Amino acid sequence: MTPTWTDQAPIYQQLADRLAVQLLDGSPPEGEALPSVRQLASTYVINPLTVTRALQALADHGLIESRRGMGMYVKAGARERLLRQERAQFLQKDWPALRAKLKRLGLTAKDLNWEST
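Residues numbered from 1 in each chain as written. Predicted model: local features only at pLDDT ≥ 70, side-chain atom pairs only at ≥ 80, totals over all residues. Heavy atoms only, no water.

### Some details on the nonpolar core
Of all hydrophobic cores here, the largest spans 23 residues; its most connected members are Leu 15, Leu 19, Val 51, Leu 55, Leu 58, Leu 63 and Ile 64. At the level of secondary structure, the elements contributing two or more residues to this core comprise α1 (11-24), α2 (37-44), α3 (48-60), β2 (71-74) and α4 (78-105). With six residues, α1 is the single largest residue contributor to this core. Among residues more than four places away in sequence, those in contact with Leu 19 are Leu 40, Tyr 44, Leu 55 and Leu 58. (Core = buried A, V, L, I, M, F, W, Y, C linked by side-chain atoms within 4.5 Å. Buried < 20%, exposed > 50% of the residue type's maximum accessible area, 1.4 Å probe, protein only. Helix = DSSP H or I, 4+ residues; strand = E, 2+ residues; numbered from the N terminus. Contact = heavy atoms within 4.5 Å.)

### Side note on the packing of aromatic side chains
Applying the stated criterion across every chain, the model contains two aromatic pairs. Taken together, a centroid distance of 6.2 Å and an interplanar angle of 55 degrees make the contact between Trp 5 and Tyr 44 tilted. Residue Trp 5 is located in the segment before α1, and its partner Tyr 44 is located in helix α2; the two are separated by 39 residues in the primary sequence. Under the relative-accessibility criterion, Trp 5 is labelled partly exposed at 21%. Given the relative accessible area of 10%, Tyr 44 is considered buried. Stacked on the ring of Trp 5, the Lys or Arg Arg 18 has its end atom at 4.1 Å from the ring centre. (Phe/Tyr/Trp six-rings, centres within 6.5 Å; stacked < 30°, edge-to-face > 60°. Lys NZ or Arg CZ within 6 Å of the ring centre and 35° of its normal.)

Here it is as structure tokens:
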């Protein structure tokens, strides 16, 4: 299946976001190598330079590091750092909008079933 990209953000940023979700899920674990640029480019059907930009964005955020001649590795504490960032963003941006929509729709906590999938 070919991944789909939107016009909402540059493809490298969308890839960085997808890889960040994988890091949140623990894949790959801290201290382990990420797939190579070539592997990622093949998986996501994009230019290797785009993959490199996505990996650089993750490195700039302190989530991964380059090990000369070995590739990119997940830094220790990356998942916790990412989790803190994602939680803060959700509480500052996403939650107020979601709460306002729930209020407009007249939904309360009793209407929401947290446990079902």
